[in-house]
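Observations on the three-dimensional arrangement
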Amino acid sequence: MVLRSDWSQRNCSMARGLDILGDPWSLLVLREVFFGNGRFDAMRSRLAVADSVLTRRLAGLVESGLLEKKAYDDGGRARQEYVLTPKGEDTLPVLNAVVLWAEKHLPAPSDQAHMYVIHSGCGQRTSSADTCTGCGERLTAANTSWHSLTRTDAPVQLSTAA
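Throughout, residues of each chain are indexed from 1 in the direction in which the sequence is written. A pLDDT threshold of at least 70 governs which residues receive local features in this predicted model, and a stricter bar of 80 or more applies before side-chain atom pairs are shown or counted, although totals over entire chains, interfaces and linings include all residues. Based on all heavy atoms of the structure, the side-chain values leave hydrogens and waters out of the count.

Observations regarding the pattern of salt bridges
Put simply, a salt bridge is a Lys or Arg side-chain nitrogen that is within 4 Å of an Asp or Glu carboxyl oxygen. A full pass over the atoms with the stated rule returns seven salt bridges. With a closest N to O distance of 3.5 Å, Glu-81 and Arg-39 form a salt bridge. Highlighted residues: Glu-81 in strand β2 (residues 78-84) and Arg-39 in the loop between α2 (24-34) and α3 (40-47), separated in sequence by 42 residues. Only protein chains enter the area calculation, which uses a 1.4 Å probe; residues under 20% of their type maximum are buried, those over 50% are exposed, and those in between are partly exposed. Under the relative-accessibility criterion, Glu-81 is labelled buried at 17%. Classification of Arg-39 by relative accessible area gives partly exposed; the value is 36%. Where salt bridges share partners, they join Asp-41, Arg-44, Asp-51 and Arg-79 into one cluster. Helical segments are the DSSP runs of H or I of at least four residues, strand segments are the runs of E of at least two, and each set is numbered from the N terminus.

What follows is the structure, given as structure tokens:
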């Protein structure tokens, strides 16, 4: 996905990664899919984003191999939802790092505007993006929950690759 220019062939790994993950809308779309919210209308509503912006980000994430479309029946017609691929699931430490950095360094506008990374295995909040600081186990989508106080009173188990 192109940010401002095509960085996909740069000699710098960070530049190539930012070519795909450097757009805030893309990270927020991935957040929604990790939360199990992969249907277009649900994402559009949760993100309060224009159809054209969401359509472009979803297409870019599919083209980059982070998401794939999966058919579902809404009771009358076949539709598509977006699910993580293994490559998309591997973005978890990046999203965790953004959450942890923001919680540590940026003031929350309200008491509800917090999000925590929780290792489901031991039930502890962690301050590491890839390893539980409570028990030392490696964090994966299968053993990690996010607790967004604006969403729910309880942590939400993350979605994994299809």
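Topic: the nonpolar core
Side-chain atoms within 4.5 Å are what join buried Ala, Val, Leu, Ile, Met, Phe, Trp, Tyr and Cys residues into a set we call a nonpolar core. Ranked by internal contacts, the top residues of the largest apolar core, which has 30 residues, are Val-29, Leu-30, Phe-34, Leu-54, Leu-58, Leu-67 and Trp-146. At the level of elements, α2, α3, α4 (51-63), β2, α6 (92-105) and β3 (115-119) are the ones that each hand at least two residues to this core. Residue contacts follow a heavy-atom distance rule, with two residues in contact if any of their heavy atoms lie within 4.5 Å. Filtering out sequence-adjacent residues up to four positions away, Leu-58 remains in contact with Val-29, Phe-40, Met-43, Leu-67 and Tyr-82.

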